Amino acid sequence: MHAMPTRPPTQFELRVYRATTKIPRGRVTTYGLLARHIRCRSAQAIGQALSRNPFAPEVPCHRVIASDMTLGGFAGRSGGKTVARKNELLAAEGVEFRTGRLLDPERRLYRF
DNA sequence: TGGTTGACAGTCC
DNA sequence: CGGACTGCCAACC
């Protein structure tokens, strides 16, 4: 494994990470809601920043899911084993998914 | 359900 | 600097 030379987080990424730390344990928010909170019009840009989160899981990017209540991506990918890991981290906080969807969104969704 | 279109940060010419 | 391209997305057909 060759560790590619990395890059320090940009100001934008730090803003995203700071907002992410505000999500309480046991709750989740969406890429879009997080974007709105920091006044960014691109939810995808949020996903990009989180995909490079060097502070996971201290900066709990696993608590950010898609607007359709599916898991979204994790660790730089959109599917497979990495997403299973995201699911685990959430399950450990009591956040559960059935058939790919968040259970009890009314209680679990954090709206800032 | 699925395709299209909008938005935008970061990367690489 | 400019433009093309990609990406843990999302609103709207």
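All values reported here derive from a predicted model rather than from experimental measurement.

Conventions and cut-offs
Residues numbered from 1 in each chain as written. Chains lettered and ligands numbered in written order. Predicted model: local features only at pLDDT ≥ 70, side-chain atom pairs only at ≥ 80, totals over all residues. Heavy atoms only, no water. Near = heavy atom within 4 Å. Polar contact = N/O pair within 3.5 Å; in protein donor to acceptor, adjacent residues only side chain to side chain. Helix = DSSP H or I, 4+ residues; strand = E, 2+ residues; numbered from the N terminus. Nonpolar A, V, L, I, M, F, W, Y, C, P; charged D, E, K, R; others polar. Core = buried A, V, L, I, M, F, W, Y, C linked by side-chain atoms within 4.5 Å. Buried < 20%, exposed > 50% of the residue type's maximum accessible area, 1.4 Å probe, protein only. Contact = heavy atoms within 4.5 Å.

*Asks:* I tried to follow the protein's contact with DNA strand B on my own but got confused; where do I start?
*Replies:* Taken together, Arg7, Thr10, Phe12, Glu13, Arg41, Ser42, Gln44, Ala45, Gln48 and Arg52 make up all the residues around DNA strand B. For DNA strand B, the fraction of atoms within 4 Å of the protein that belong to sugar or phosphate moieties is 76%. Side-chain polar atom of Arg7 to a phosphate oxygen of DNA strand B: 2.3 Å apart, as the coordinates give it. Between DNA strand B and the protein, one listed contact pairs a base nitrogen with a side-chain N or O atom of Gln44 at 2.8 Å. Elements with a contribution of two residues or more to the surface near DNA strand B: helix H1 (11-20) and helix H3 (43-51). The element best represented in the surface near DNA strand B is H3, accounting for three residues. Of the residues assigned to the surface near DNA strand B, the class counts are two nonpolar, four polar and four charged.

*Asks:* I tried to follow the nonpolar core on my own but got confused; where do I start?
*Replies:* Across soluble globular proteins, you tend to see nonpolar side chains buried next to one another. Grouped together as the largest cluster of nonpolar side chains are 18 residues, with contacts concentrated most on Val16, Leu34, Ile38, Ile46, Leu50 and Val64. For this core, the secondary-structure elements that each account for two or more residues are H1, helix H2 (31-37) and H3. Each residue touching Val64, except ones within four places of it in the same chain, is listed here: Thr20, Ile23, Thr29, Thr30, Tyr31, Leu34, Leu50, Leu71 and Lys86. Of all hydrophobic cores here, the second largest spans 11 residues; its members include Leu90, Phe97, Leu102 and Leu109.

*Asks:* What is the right way to look at the protein's contact with DNA strand C in this model?
*Replies:* Around DNA strand C sit 18 residues in total, of which Tyr31, Leu50, Ser51, Ser67 and Gly73 are the nearest. Each atom of DNA strand C within 4 Å of the protein belongs either to a base or to sugar and phosphate, the latter forming 45%. One nitrogen or oxygen atom from the side chain of Ser51 is found 3.4 Å from a phosphate oxygen belonging to DNA strand C. One nitrogen or oxygen atom from the main chain of Gly76 is found 3.4 Å from a phosphate oxygen belonging to DNA strand C. Those elements giving two or more residues to the surface near DNA strand C turn out to be H2 and H3. It is H3 that provides the largest number of residues to the surface near DNA strand C, a total of six residues. Residue classes in the surface near DNA strand C are distributed as seven nonpolar, nine polar and two charged.

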